[in-house]
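Residue-level structure breakdown
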Amino acid sequence: MSLRSEIAPQMKVAEERYPIVLKAVLGYTDFCDEYGDDDLIEYKRVEEELHQLTGKDMSRYDLWEYWEGEGAEVLSFRIALPDPLVVKDISRQEITEIVTILKVFDVSEEIEGTTFKQQFKWHLSDYYYSFLKLNCPKYSNKFFMRNKNKLGEYFEYSIEETVNELMKK
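Description of the structure in this document. (Residues numbered from 1 in each chain as written. Predicted model: local features only at pLDDT ≥ 70, side-chain atom pairs only at ≥ 80, totals over all residues. Heavy atoms only, no water.)

Quick look at helix α7 (residues 159-167)
Operational definition: To sort residues, take the accessible area from a 1.4 Å probe on protein chains only and compare it with the maximum for the residue type: under 20% means buried, over 50% means exposed, and anything in between is partly exposed. Only DSSP runs of H or I with at least four residues qualify as helices, and only runs of E with at least two residues qualify as strands; both kinds are numbered from the N terminus onward. The arc in question is formed by the directions pointing from the helix axis toward the C-beta atoms. Contacts were defined at the residue level, with two residues in contact if any of their heavy atoms lie within 4.5 Å.
Residues of α7 that are buried include every one of Thr162, Val163 and Leu166, and no others. The arc that holds every buried residue of α7, seen down its axis, measures 100°, which confines them to one face. Here the buried face of α7 lies against α4 (92-103) and α6 (125-135).

Following this line, the structure appears as structure tokens:
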């Protein structure tokens, strides 16, 4: 199933923004290596530049120590990708598709790809979790984690159970 354009990640926009964001992130690193930035003046300048480009609250991202996370490329992708939107009339099938993407490790496509979408497809989970949180009032992280029942036994919600919970009003 293909998700509606208002639901699917806006990969074309991310691809257009990505080189600009990556250049800004790496440029900031180069600046710090050469001059330092103890007063964070350059950090704030880069943060504002990226905010102007994306409209995002840049306090969610750490431009300073990205190497401790997933690296400059993934950070730049996450910044470049537009945030999910509030969408009305989401169908059960659409929620099921998103939950399946999050719960099933699907390697049906090439693992290593050369297209932008293939390169970053493994880094879309934050987008989908944010989409569900924004659009499903009953969203909880617990639907995507191991849980303990009253007997102390571990279990995970199935795709169907997760969709049922997310669809509750």
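Having seen the model, we can carry on.
Comments concerning helix α1 (residues 11-35)
Given 3.6 residues per helical turn, the α-helix brings residues three or four places apart onto the same face. Selection rule: Expected helix span is computed as 1.5 Å times (number of residues minus one). What we call the bend at a residue is the angle made by axes fitted to the seven residues finishing there and the seven residues starting there.
A rise of 1.5 Å per residue sets the reference length of α1, with its 25 residues, at 36 Å; its end C-alpha atoms lie 35 Å apart and thus fit the reference within 8%. At Arg17, α1 is bent by approximately 40°, the largest bend along its length, and proline Pro19 sits one to four residues beyond. All of the buried residues along α1 are Met11, Ala14, Arg17, Tyr18, Val21, Leu22, Ala24, Val25, Tyr28, Thr29 and Cys32. Contacts from the buried residues of α1 go to α2 (41-54), α3 (72-80) and α5 (116-120).

Focus on the packing of aromatic side chains
What counts, and what does not: Pairs were defined over the aromatic rings of Phe, Tyr and Trp, the Trp ring being its six-membered one, requiring ring centres within 6.5 Å. Orientation was assigned from the angle between planes: stacked under 30 degrees, edge-to-face over 60, tilted for the rest. A ring has a charge above it when a Lys NZ or an Arg CZ is no more than 6 Å from the ring centre and no more than 35 degrees off the ring normal.
Scanning the model with the defined rule gives 13 aromatic pairs in all. Between Tyr127 and Tyr128, the aromatic rings sit 5.4 Å apart at their centres with planes inclined by 80°, giving edge-to-face as the arrangement. The class of Tyr127 is buried, set by a relative accessible area of 7%. For Tyr128, a relative accessible area of 7% corresponds to the buried category. The ring centre of Trp122 lies 4.6 Å from the NZ or CZ of Lys121, which sits over that ring. The aromatic ring of Tyr154 is capped on one face by Arg146, whose charged end is 3.9 Å from the ring centroid.

A word on the packing of α1 against α2
To be explicit about the condition: Angles shown run from 0 to 180 degrees and are taken between the N-to-C directions of axes, each axis being a line fitted to C-alpha atoms and, for helices, limited to the stretch in contact. Just so you know how the angles are binned, under 35 degrees is roughly parallel, over 145 roughly antiparallel, 65 to 115 roughly perpendicular, and the rest oblique.
Relative to each other, α1 and α2 sit at 175°, their axes nearing to 10 Å. By the angle between their axes, α1 is roughly antiparallel relative to α2. Together, Arg17, Ile20, Val21, Ala24, Tyr28 and Phe31 of α1 and Glu42, Tyr43, Val46, Glu49, Leu50, Leu53 and Thr54 of α2 make up the contact between the two elements.

Quick notes on a nonpolar patch on the surface
Short version of the rule: Grouping into patches uses exposed residues only, defined as over 30% relative accessible area, and leaves out salt-bridged ones; the cut-off is 9 Å for like charges and 5 Å for nonpolar side chains (Val, Leu, Ile, Met, Phe, Trp, Tyr). Under the convention used here, a 1.4 Å probe and the Shrake-Rupley method define accessible areas, while residue burial counts only the protein chains that appear. Here, a salt bridge means any Lys or Arg side-chain nitrogen found within 4 Å of an Asp or Glu carboxyl oxygen.
Residues Leu40, Trp64 and Trp67 make up a contiguous nonpolar surface patch of about 310 Å² in total accessible area. Along the chain, Trp64 turns up in the loop between α2 and α3.

Let's talk about the nonpolar core
As a reminder, the rule being used: Put simply, a nonpolar core is a bunch of buried Ala, Val, Leu, Ile, Met, Phe, Trp, Tyr and Cys residues held in one set by side-chain atoms that sit within 4.5 Å of each other.
Counting 44 residues, the largest nonpolar core has Leu63, Phe77, Leu132 and Leu166 as the members making the most contacts within it. Listing elements by their share of this core, those giving two or more residues are α1, α2, α3, α4, α5, α6 and α7. Per element, the largest residue contribution to this core is 9 residues, and it comes from α1. Those residues in contact with Leu63 that lie beyond four places of it in its chain are Val25, Tyr28, Tyr43, Val46, Glu47, Leu50, Met58, Leu75 and Ile79.

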